[in-house]
Amino acid sequence: MSTPTPTEFNPLAGLAAAIFPGAGHLVLGRPKRALFACIGVMGLFLFGLLIGGIDAIDSKNDKIWYYGQLLVGTPTIIVDTIHQSQFKAYDLDTNMLRTGFPGEHRIHDGTRPIWEPLTYDEIDAGMGPPNIPGLGRINEIAMLSIVLAGMLNLIIFLDALMPNPNHAPKTKTNPEPEAAK
Amino acid sequence: MNTLAYTPFIDALAIHAYWYLLIIPMSIFLAIGYKSVRCMDMSKFLREVIIFVIQILGGLMLMAIAFTIIIVLVLPMLAPMP
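Criteria and cut-off values
- Residues numbered from 1 in each chain as written.
- Chains lettered and ligands numbered in written order.
- Predicted model: local features only at pLDDT ≥ 70, side-chain atom pairs only at ≥ 80, totals over all residues.
- Heavy atoms only, no water.
- Helix = DSSP H or I, 4+ residues; strand = E, 2+ residues; numbered from the N terminus.
- Buried < 20%, exposed > 50% of the residue type's maximum accessible area, 1.4 Å probe, protein only.
- Contact = heavy atoms within 4.5 Å.
- Areas by Shrake-Rupley, 256 points an atom, 1.4 Å probe, with all protein chains shown as cover.
- Salt bridge = Lys/Arg side-chain N within 4 Å of Asp/Glu carboxyl O.
- Polar contact = N/O pair within 3.5 Å; in protein donor to acceptor, adjacent residues only side chain to side chain.
- Nonpolar A, V, L, I, M, F, W, Y, C, P; charged D, E, K, R; others polar.

(A) Layout of the overall build of chain A. Along chain A, the regular secondary structure elements total seven helices and four strands. Ordered by position from the N terminus, the helices and strands of chain A form the series α-α-α-α-α-β-β-β-β-α-α. Among the 181 residues that make up chain A, the fraction classed as buried is 48%. Put simply, 58% of the contacts in chain A that link residues at least 6 apart link residues at least 24 apart. Carbon and sulfur atoms form 66% of the exposed surface of chain A, whose accessible area is close to 9,400 Å².

Structural data, given as structure tokens:
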């Protein structure tokens, strides 16, 4: 039976990792790992946004997905805040905040943003809602990509909070940091 | 006024016919992120990422083949349609 690998506890690195993907490893002085962690998490995050649009993160309509996406940290909170405040508006019939349908545009009635139906001429002129939401599989894959980014960031966060000394970069004074050699 | 032109990161991409290809970039990013904390020797990082991507894609392909066999061959034998 092998002995467990010794770990340190670094709350500052954990806090940094919770704020932005890869920042924890930067605090630990492991810039290469920080860069690749950031590429992995932010790559999945941005890929999800690229294919599903801003609608892939929605704390109101896709609440359970959002809890997984929240593990990415501040990027998810920022995108969701922009989505809710700049891309949604109130339906005058149901009085609920929602994404726009084709044939509507977003206007401000003085107190809050609302959806107003467009005329055929306006639709022909190319007017419409501020974003086109993803549908079907594309929407699911986009949300899944961002949830995967969140779950990956959880692993990276735990690694930053309780770093493995074996993963420390090699230095001149410590040419072989692998403690369990 | 908003026009209906595609805006990256705001509008969804209309790539419904190629949805299964999206697993390739996802598995690459996943492998890069995972191996950034699990790779013991960073000089072998690229090699480990490539192996992990092949393992993910290979595993999914095997699962796809297995489910296709079950749905197309096994299930019709167990419960034939009249």
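(B) The interface of chain A and chain B, seen in detail. Tallying the contact residues gives 42 residues for chain A and 31 residues for chain B. Salt-bridge contacts for arginine 38 of chain B lead to aspartate 159 of chain A; the nearest nitrogen and oxygen are separated by 3.8 Å. Counting across the interface, chain A meets chain B through seven residue pairs in polar contact (both at pLDDT 80 or more). For the side of chain A that touches chain B, the secondary structure elements donating two or more residues are α3 (31-52) and α7 (136-161) of chain A. Among the elements that make up the side of chain A that touches chain B, the one with the highest residue count is α3 of chain A (14 residues). Among the residues forming the side of chain A that touches chain B, the class breakdown is 24 nonpolar, 12 polar and six charged.

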